[in-house]
Each structure stands twice: as C-alpha cells, then as structure tokens.
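# Structure at a glance
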2 protein chains.
Amino acid sequence: MIVGLLHPGEMGASCGAQLRKAGHDVVWASEGRGPGTQRRALDAGLRDVGTVGAMVAEAEVIVSVCPPAAALDVASQAAGFAGLYVDANAIAPATVRGVADRLTPGGATVVDGGIIGPPPDQPGRTRLYLSGPRADEVASWWEGTNVEAGVVGDSLGAASALKASYATWTKASTAMLLAIRAVAAAEGVDDALQAEWARSQPGMDTRSAQARNSAETKGWRWVGEMEEIGDLFAASGQPDGFLRAAAEVYRGYPRLPDA
Amino acid sequence: MIVGLLHPGEMGASCGAQLRKAGHDVVWASEGRGPGTQRRALDAGLRDVGTVGAMVAEAEVIVSVCPPAAALDVASQAAGFAGLYVDANAIAPATVRGVADRLTPGGATVVDGGIIGPPPDQPGRTRLYLSGPRADEVASWWEGTNVEAGVVGDSLGAASALKASYATWTKASTAMLLAIRAVAAAEGVDDALQAEWARSQPGMDTRSAQARNSAETKGWRWVGEMEEIGDLFAASGQPDGFLRAAAEVYRGYPRLPDA
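Cut-offs applied
- Residues numbered from 1 in each chain as written.
- Chains lettered and ligands numbered in written order.
- Predicted model: local features only at pLDDT ≥ 70, side-chain atom pairs only at ≥ 80, totals over all residues.
- Heavy atoms only, no water.
- Helix = DSSP H or I, 4+ residues; strand = E, 2+ residues; numbered from the N terminus.
- Rg over C-alpha atoms; globule rule 2.2 N^0.38 Å.
- Buried < 20%, exposed > 50% of the residue type's maximum accessible area, 1.4 Å probe, protein only.
- Contact = heavy atoms within 4.5 Å.
- Areas by Shrake-Rupley, 256 points an atom, 1.4 Å probe, with all protein chains shown as cover.
- Lys, Arg positive; Asp, Glu negative; His and termini not counted.
- Charge placed at Lys NZ, Arg CZ, Asp CG, Glu CD.
- Buried area = accessible area lost by both parts, 1.4 Å probe.
- Salt bridge = Lys/Arg side-chain N within 4 Å of Asp/Glu carboxyl O.
- Polar contact = N/O pair within 3.5 Å; in protein donor to acceptor, adjacent residues only side chain to side chain.
- Nonpolar A, V, L, I, M, F, W, Y, C, P; charged D, E, K, R; others polar.
- Least-squares fit on C-alpha atoms with pLDDT ≥ 70 in both.
- Pairing = 2+ DSSP bridges.
- Axes fitted to C-alpha atoms, helices over the stretch in contact; angles between N-to-C directions.
- Right-handed = clockwise from strand over helix to strand, strands pointing away.
- Phe/Tyr/Trp six-rings, centres within 6.5 Å; stacked < 30°, edge-to-face > 60°.
- Lys NZ or Arg CZ within 6 Å of the ring centre and 35° of its normal.
- Disulfide = S-S within 2.5 Å.

## Concerning the overall build of chain A
Along its length, chain A carries 10 helices and eight strands. A compact globule built from 259 residues would reach a C-alpha radius of gyration of about 18 Å, and chain A, at 19 Å, matches this within 12%. Over its C-alpha atoms, taken along the principal directions, chain A stretches across nearly 60 × 40 × 35 Å. Every one of the 259 residues in chain A was classed for burial, and the buried ones make up 57%. Within chain A, contacts between residues separated by at least 24 positions form 60% of all contacts whose residues are at least 6 apart in sequence. Accessible surface, chain A: about 9900 Å² in total, of which carbon and sulfur atoms supply 49%. Averaging the locations of the 22 positively and 30 negatively charged side chains of chain A gives two centres separated by 3 Å.

## What to know about the environment of Gly252(B)
For Gly252(B), the position within the fold is in the segment after α10 (241-251). Assessed through its relative accessible area of 52%, Gly252(B) is described here as exposed.

## Digging into the interface of chain B and chain A
For interface size, the figure often reported is the accessible area lost on association. Contact with chain B, which involves 48 residues of that partner, is made by 48 residues of chain A. In terms of surface lost to chain A, no three residues of chain B exceed Trp169(B), Met176(B) and Phe242(B), which account for 19% of the buried area on that side. We note a salt bridge from Arg199(B) to Glu148(A), for which the minimum N-O separation is 2.7 Å. If you look at where chain B meets chain A, you find 10 residue pairs in polar contact (both at pLDDT 80 or more). Examining the composition of the side of chain B that touches chain A, we find that 19 residues originate from one element, helix α7 (residues 158-186) of chain B, more than from any other. Partitioning the side of chain B that touches chain A into residue classes produces 31 nonpolar, 10 polar and seven charged.

## A look at the relation of the copies chain B and chain A
In the superposition of chain B on chain A (RMSD 0.0 Å, axial shift 0.0 Å), the rotation amounts to 180°. Here the copies are linked by what is in effect a two-fold axis. Most of the interface of chain B is mirrored in chain A, where 100% of its interface residues again form contacts.

## As for the side chain of Ser208(A)
All names here are of chain A. Mapping Ser208 onto the fold places it in helix α9 (residues 204-235). The class of Ser208 is buried, set by a relative accessible area of 8%. Not counting the four nearest positions on each side in its chain, Ser208 is found in contact with Leu177, Arg181 and Trp197.

## Re the sheet that holds strand β1 (residues 2-6) of chain B
Overall, mixed pairing links the eight strands, which are arranged β3-β2-β1-β4-β5-β6-β7-β8 (chain B) in an open sheet. Since the sheet does not close on itself, it has two edges, and those belong to β3 (47-48) and β8 (147-153) of chain B, each with one partner. Across four bridges, strand β5 (residues 84-87) of chain B lies against strand β6 (residues 109-116) of chain B in parallel orientation. Bridge pairing in β6(B) links Val86(B) to Val111(B). In this fold helix α8 (residues 190-200) of chain A packs onto β6, β7 (126-131) and β8 of chain B, with an angle of close to 175° to the strand it touches most, β7(B). Running at roughly 20° to β6(B), α7(B) makes contact with β6, β7 and β8 of chain B of the sheet.

## Considerations on the pairing of strand β5 (residues 84-87) of chain A
Residue and element names in this part refer to chain A. Of the two faces of β5, the one lined by Leu84 and Val86 and the one lined by Tyr85 and Asp87 are each fully buried. In the sheet, strand β4 (residues 61-64) pairs with β5 via four bridges, with the strands oriented parallel. Counted as the bridge partner of Ile62 is Tyr85 from β5. On the question of chirality, the crossover connecting β4 to the parallel β5 by way of helix α4 (residues 71-77) is right-handed.

## Here we look at the pairing of strand β7 (residues 126-131) of chain A
All names here are of chain A. Burial analysis of β7 places six of its six residues in the buried class, which makes it a mostly covered element. A two-sided burial pattern is seen for β7, the buried positions comprising Thr126, Leu128 and Leu130 on one face and Arg127, Tyr129 and Ser131 on the other. Of the strand pairs in this sheet, strand β6 (residues 109-116) and β7 are connected by five bridges, and their pairing is antiparallel. When the sheet's bridge partners are listed, Asp112 is paired in β7 with Ser131. For β7 and strand β8 (residues 147-153), the ladder comprises six bridges, and the chain directions are parallel. Of the residues in β8, the one forming a bridge with Arg127 is Glu148.

## Details of the sheet that holds β6(A)
All names here are of chain A. Read across the sheet, eight strands follow the order β3-β2-β1-β4-β5-β6-β7-β8 without closing on themselves; strand pairing throughout is mixed. This sheet does not close on itself; its edge strands, each paired only once, are β3 (47-48) and β8. Alignment of strand β1 (residues 2-6) against β4, held across four bridges, turns out to be parallel. Along β4, the bridge assignment pairs Val3 with Val61. In the packing of helix α5 (residues 93-103) onto the sheet, the strands contacted are β5 and β6, and the crossing angle to β6 comes to about 150°. Contacts between helix α7 (residues 158-186) and the sheet are confined to β6, β7 and β8, with β6 contributing the most and set at about 20° to the helix.

## Thoughts on the packing of aromatic side chains
Residues and elements named next belong to chain A. Taken as a whole and assessed by the stated rule, the structure comprises two aromatic pairs over all chains. Consider the rings of Trp222 and Tyr250, whose centres lie 5.2 Å apart with planes at 80°: the pair is edge-to-face. Here the residue Trp222 occupies a position in helix α9, and Tyr250 occupies one in helix α10 (residues 241-251), the gap between them amounting to 28 residues. Owing to a relative accessible area of 8%, Trp222 belongs among the buried residues under this scheme. When the ring centre of Trp220 is taken as reference, the NZ or CZ atom of Arg255 above it lies at 3.8 Å.

## Things to note about the state of the cysteines
Applying the stated criterion across every chain yields a total of zero disulfides over all chains. Not engaged in a disulfide, the cysteine Cys66(A) finds its nearest cysteine sulfur in Cys15(A); these two sulfurs lie 12 Å apart.

## Describing the side chain of Thr145(A)
All names here are of chain A. Tracing the backbone through its elements, the reader meets Thr145 in the loop between α6 (135-140) and β8. For Thr145, a relative accessible area of 13% corresponds to the buried category. A polar atom in the side chain of Thr145 sits 2.7 Å from the backbone oxygen of Trp142. Only 3.0 Å separates the side chain of Thr145 from the backbone nitrogen of Val147, close enough to count as a polar contact. Once residues within four sequence positions are removed from consideration, Thr145 is found in contact with Gln18, Lys21 and Ala22.

Rendered as structure tokens:
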C-alpha cells in the first residue's frame, strides 16, 4: 500500500517509520518543508514525491499528522484526493468535520484519529484511537508495529474528543502549573509553595520541573491544540477558560528553530 | 487571652477548639447565625457574646475564618476594633489589604493568614501561614495545638498569596477534571477516557472519583475563592481564565442546607 504522510514532523516521521516496518511504501512531499523535516523523512526511510499534488495522485491513503492549527490547511491542499484520509491531529471534533467537508466532495473517505503518547519509537507507549467509517481498516495497518491502534466509536469526532479530553488534563494543567509558579514568584512565595508541595502534594516537584521543559520544547505546538479543545469545551457547554488561559501561557514559549 | 472568632464554620470551629486547648477564652457572636454554627460553637466550647459589637468591645484579638466572598463584609462589621485582627481567609492579597483599610483606621493591626489542610481535628495535617506585622506573635498562640503555624513573610498578602497558589492547583485542577468528564460524557467517550487514564495516568481514577464529592460538599464555598485567586492572577499578569472557569464549574454545585 502506498501511504502519503503529511508531514514528517517528530510524531509523523516516527509513525511513518512504523508504517514502513509494517511493509508499506510511505511517501512524503518535500516542497516547502524545512531541513529538519527532510532529515527526519530520510531517517524514517520515506520516499519523496515532491509535492502534495503528486502524493494525492499516487497514494492510496493519506495520513495527516501536523500541528493542530495547520490541520484544515493541510486538508485543503489535499482536496481532490479520492482515497482514505486519516486525520490524526489534536483538533476539535468540529474541525475534523471541517476536514471531511474539504475532502469528501472529491471522493475521499475521512477517518478520525487521535494519538496519545510519545512518538512511537518504542513499543507499548503510543495509542492511536480511531473513529468513523473504515476505522477498523485503518487500525489493521498498524499490526506488529509500536503503535497500538484501536477503534473508539462510529462517529467522526469521537477519537478527537478522546484525545482532547485526555490532553486537557496533561497539557492545560501543565500550563496552569507554570502560571501558578509565575504568580508565586511575583508574590515572593515560590520557595514556600515548593516546600508546602514537597510536604503535602507528592510528585509536584517532579511535575513542576518537567513543566517548563515541556513548554519550552513543545509549547508552541500546544497553543493551537488548547484553542481547538477550547472550541470543544464551548460546544459541550463547559467553560473554555481553562483552555484559553493555557493557550495564553503557551504563547509565551515560541517555536525554537528546527535545525 | 480573649479571642473572638468570626465565625464557627467547619474550619473556624475546629480552629476555635484548638485555641481553647491552648488555654484561651474563645468567644463567638450568635446573632444572625444558623443552627449548624450554634451546634459547632457549642461542641468547640466557645462562649457566646451575642453580637459582633460585643466581641469588638471584649476581645483582645479577632480571628476571621469565613467563606472568601464574606471576608470584607465580616471585616466591615468589626470596624472600630482596636486589637490584633487575623484574616485567615482564602482571599487575594489585594483583598487582605482591603480588610486592613477597613480596620486600621479604628486602631486594629491586621495580620494575614492562609490555612492549608483540613480543619485541625487531628495533628500534623493543618498549616496556618502568617505574614505581616506581629505574625510571629500570632504564630505563638498555636503552640501545642494541632495547627502548625509559621511565618511566610513580612508583607500583608504573602500568606494569602501562598494559600492562593496552593489552592489553584488543588481546586482549579479539580474543577477542570469535572469539566473534562462532562465533555467526555457529552461526546460519548467517557468510558474510553477512564480506560486510558487507568493505563497511563496513575491516580486519576481516585482523583476523579473524589472530585465530584468535593464539589458537592464544598464547591459552593470555592466559587468565591476561585474568583479571589483570579484577581490575584490578573494582578500578577497571568491568565485568570483558569480560575474564572473553575468558579463557573463550582457555581453548578449549590450550597446544601446547613443542618
């Protein structure tokens, strides 16, 4: 099977390497991508077809793994694709339906995906949740790889909703932690807060130390994800302020150059 | 020493019992209070002086332990008090300064306090952080009791800032958890979320089960606390949306009748 990958970022390249391992011909489109993407694609053994248009013409299936804010643009670029399109991005269910609106008129079938865990360089740590028509078929591609794929529901949006619910805890609470530390420092009580945490909130010292590192390396990508989840919270009648505030925190951590 | 207590709620009555244990004459003002307060004051061995005015005339020190939204009103009622006034409420540093504005013209000295932990019915679980002038003196009152009192800084507001920073993590993240579960349920993925949490987020099952119980019993009181901390975040240049959203969640849990 020829699988198109949009695009080989850290997560995408690692997923592409797993599809290669499963015996698929995985292609990417180098036009407009930076040197970091080029290197990752090469390391993962992906074949360059040059442009998204060439991928649309050649691939049987396309997997989109990109920053949340880019998911709709990426789908628009693939308009006219008539195969199976898996959107595995951290976006709101309504945005997944927007992806389908852009692709189904051209004959594509869209499957919703949500990745939980780190890039699948090791077994047992990464899950790909899938929902919508032909989700079973997409799950079967990953047999024997480091990606544990499973179907979470029939509706386009269920996989994204699961990913969003999960990511709210891990990422919005990390943002909250960074804001708390900033407030405590501004008020001159950061040392006292950490002493109290060490005493009555086991694990907060580790979590607090990791929070800044996560934000510095990945925060730029989480801005869009927090906004997407905020849209989901609002649509579900829950307060979206948790997510808007988290996006604001992560806006303070701009993207580092992709070497 | 004659200590006035405003008012014997769950936390206040338990603190009052500890001050009794330390040998102080602890008085309360029954006027306008409900039967639950009456019962708690009796159980704690407090002496009723009838009105706040009588307390202001008789007490050497007054300790305010009340719902956050009531802290300024309680201070206003004690206007004219010329002794040592400890505001031990979960309020923003700016609100503590508002308490001082109401009381210092009448000759009172205001000390800032923040309580972390449950009502001090047992030893080793409850800390009273204190800051401002004469904080050392207030700390000494609690020697030999279940309340571990300590000074956290010189400024009026440091103790409240510490309490606020701490409570953001424990209470705003609990509110976030309740909102996440509501979103997951609305999207039909609550079971899948819990299964993923059981696998990759140890402790979330317990925390999630406790969240609803905490909200149902104490959430009404936390609305004001979240708003107070939101004011602190805004004043510190951090996004207050975490706290406004948490207040909105807790608004969904009205106060149960105080039997």
